[in-house]
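# Residue-level structural notes
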Amino acid sequence: MTTDVASPEPAPAAPPDPRPDRLRAPREAPAAEVSRNPRTGASARGPRHTEPRELAGLLSAAAGDAARIAATAPALRGHWLRTVADALEEHAEELTALADTETALGPDRLRGEVGRAAAQARFYGEVAAEGGWLDVRIDRAGPGGPGGPGGPADLRRMNRPLGPVAVFGASNFPFAFGVAGHDTASALAAGCPVLVKAHPAHPLLGARLGTLVSDALRAAGAPAGAFALVTGFDAGLALVDAPEVAAVAFTGSQTAGTALVERAARRPVPVPVFAEMGTVNPAVLTPAAAATAAGVTRAVTGFVDSFTLGQGQFCTKPGLLLAPRGSGAAEAAAGALADVRPGWLLTEGIAAAYRQGLADLVAAGARPVARAEAADGAFAAAPTVLTAPADALRPGSRLLEECFGPVALVVEYDGTPHLRDLLGRLQPSLAAAVASGGPADPDLPWLVDHLARQAGRVVVDGWPTGVATGWAQHHGGPWPATSRPDATSVGAAALDRFTRPVAFQNVPEAALPEALRDGDPWNLPRRVDGVRTGGRS
C-alpha cells in the first residue's frame, strides 16, 4: 500500500530522499511530531518522541507478559478486543473530528472508518475464540499410531504465538489500518503483545487512539504489556532491531517496506516482516463488455469512481485500465471525471510526490486526457486521467509503477494475444478487476486464471477498493505487492502471520499447552487421529 512512507517516515517538510531504497531520518530529528492540517497547511506540536529508556521499558513489559498473553484463553482475548471496539464507538465523534483535522478525509468517511475499525476488532475477537487458527492436531499413541517401528508415540501439534509484534500503521486509513487497525487486532487475537509505531501523518490521532486502546485493554483485564504506542522515527527503527520483537507488520510504501525487510534480515536473529506495499492494480474491459456504448459507460464510470475514491489514496486503487482499441474508454473516463469532487492528499510529501508522479508519467509517454479542478488549500490534488500507447508499457517504465493519488492510465489493446502480452508486462498486484459482458463472457475463464497468477484478489464486475473483513478474505499478493505472498493483512487468516507450529511428542498432560490437553478445555476444533472434532456448534 504505497502511502506516505508509512511509519517510518521523516517530517513532512523533509527534502526528497537521494537514496530512495533506504530508510532515512530527518536531517535534524525533532523532539516531537508535527501535526499538519492538509486543507490549510497549519501546523501544531504533536506528541513527543519515545526516548530509548522508555522504549526499553515498553519492550521489557511486552516480553515479560508474552507468555501470559499466549496462555490466555482465546475467548478471553476476544473479550479484550470487544472492549477496544466499544471504546472506539463510544468516542467515535471525538475521533472523527480529530482525524479530519489531520487527514482532510471528511467526517462521513472517517466516521464510517471508526465503525469499521470497531467491527474489525470484534471480528478478530470472534476468530480468536473460534480457535481454528490454532490448527490443533493430535495423533495418540497406540496400535497404528505415529510411533512406527520404534514403538508408539503421542504427537500433538498446534500453532503458537510468536511473541511481541511491532506494527507500523498506514497514513491513508488512520483507523482501519492504524493504531487500532487490522494488524494490531489480529496480533492480539493471536496471543501476541503489540507495540505500534504511530504514523507521523496523524500524530495527535495516534496518541489519542493509543490511550483509548491502552485504557480499554486494562479495563478488560489484559496484562500491561499487551499494548504500547511508540512515537518517532528512531523509535520505529529501534523496534525492528529489538531482540524482544518477534515479527513486524507494516503497511506503506514499497521503498520503506523493502528497507524494513532488509533491516530485519540483518538482525542477529532475523524476524519475518509482513509488509503490505502495493503496486499498480490492473483492470480489464473485455470486448463483450465494450460491445455497447452503455456497457463502456457503466464500466468506465465505476473505474473512475474507484480510482478517485479517497483521492486515490487506496492501496487497492485500480491504476490501469486495459480496454479494446476503439472502445472510447479514455474519452468515457474523461466524461466521468467531470463528476468527481476534488479534495486533499494526506501530507505535503504525498502531494509533492503526486505532482512529480504525474510529470514522470507524462515524461514516460503518457498523455493527459482530462484533469479535474484541484481543490483550494495546501495539499490539494487534481484528479487526472491519462492514456498511453501500448508499446510504452515496457519493463522498467514509470508507467508500470504506482502513482499514489487520484490518477489512472487507460491503454488500448488489439485482441486477446496483445492483451495477454500486456498483462505479462505488469508487476504482481494486490488486486485485479475484470469488467465483463456477463457470466457467459468467453474471455472470463482465461482472464480470471491469468490474473489469479499475479494478483492476490480477482474481482469480476466490481472494483477492488473495498476490502471486506471476513473469513475468506485475502489482502496480499506476490512480491512486490507484499513481502510475503502467503500472508494476508485482512481477514481471519491474518492471525496466521503471528504464529508458528510446534509439535509435542510424549509430553505429559500437565506439561502440555491447554489447547492440546485431552479434556479440550478451550473447546477448540481439533483433528484427533485424523478425525475432526470439537469446536463451537
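Spanning 16 residues, helix H9 (residues 293-308) covers 22 Å between terminal C-alpha atoms, matching the ideal 22 Å at 1.5 Å per step. Where H9 ends, the next residue or the one after it, Gly 310, has phi of about 60°, a positive value.

Moving on, we come to the sheet that holds strand E7 (residues 227-230). Strands in a sheet are paired, the pairing made by backbone hydrogen bonds, and the direction either parallel or antiparallel. Strand order across the open sheet formed by five strands is E7-E6-E5-E8-E9, with parallel pairing between neighbours. If you trace the sheet from one side to the other, it starts and ends with E7 and strand E9 (273-276), each paired once. The average undirected angle you get between the axes of adjacent strands in this sheet is 15°. With four bridges joining them, strand E5 (residues 165-168) and strand E6 (residues 194-197) adopt parallel strand pairing. The partner of Ala 166 across the bridge, within E6, is Leu 195. Helix-sheet contacts for helix H1 (residues 52-71) involve E6 and E7, and the interaxial angle to E7 is about 160°. Along the sheet face, helix H8 (residues 254-265) touches E5, strand E8 (247-251) and E9 and points at about 175° away from the line of E9.

This part takes up the side chain of Asn 159. Among the structural elements, Asn 159 can be located in strand E4 (residues 155-161). Non-local contacts of Asn 159, meaning those with residues more than four positions away in its chain, are made with Trp 133, Leu 134, Asp 135, Thr 499, Arg 500 and Pro 501.

Moving on to the state of the cysteines. Note on terminology: a disulfide is the covalent bond linking the sulfur atoms of two cysteines. Summed over the entire model, instances satisfying the criterion amount to zero disulfides. Left unpaired, Cys 403 is separated from the closest cysteine sulfur, that of Cys 315, by 15 Å. With relative accessibility at 6%, the residue Cys 403 sits in the buried group.

Keep in mind that most residues, glycine aside, have a negative phi and that most peptide bonds are trans. Put simply, Trp 479 and Pro 480 share a cis peptide bond, and its omega is 10°. By secondary structure assignment, the location of Pro 480 is in the loop between strand E16 (458-460) and strand E17 (499-505). Positive phi, normally seen in glycine, also occurs at Ala 104, with a value near 60°. Take Ala 104: it is sitting in the loop between helix H3 (92-103) and helix H4 (107-130). According to the relative accessible area criterion, Ala 104 is buried, its value standing at 8%. A positive phi angle, near 50°, is found at Asp 135, a position not held by glycine. Position of Asp 135 relative to the elements: it lies in the loop between H4 and strand E3 (136-139). Looking at Asp 135, the relative accessible area reads 26%, which means it is partly exposed.

As summarised here, the arrangement of the five strands in space is E17-E4-E3-E18-E19, forming an open sheet in which the pairing is mixed. Across the chains shown, the open sheet's two edge strands, defined by having one partner strand only, are E17 and strand E19 (531-534). Each strand axis lies, on average, 25° off the axis of its neighbour in the sheet, ignoring direction. Strand direction decides the pairing type here: strand E18 (residues 525-528) and E19, joined by four bridges, are antiparallel. Counted as the bridge partner of Arg 526 is Thr 533 from E19.

Analysis parameters
Residues numbered from 1 in each chain as written. Predicted model: local features only at pLDDT ≥ 70, side-chain atom pairs only at ≥ 80, totals over all residues. Heavy atoms only, no water. Helix = DSSP H or I, 4+ residues; strand = E, 2+ residues; numbered from the N terminus. Expected span 1.5 Å × (residues − 1). Pairing = 2+ DSSP bridges. Axes fitted to C-alpha atoms, helices over the stretch in contact; angles between N-to-C directions. Contact = heavy atoms within 4.5 Å. Disulfide = S-S within 2.5 Å. Buried < 20%, exposed > 50% of the residue type's maximum accessible area, 1.4 Å probe, protein only.

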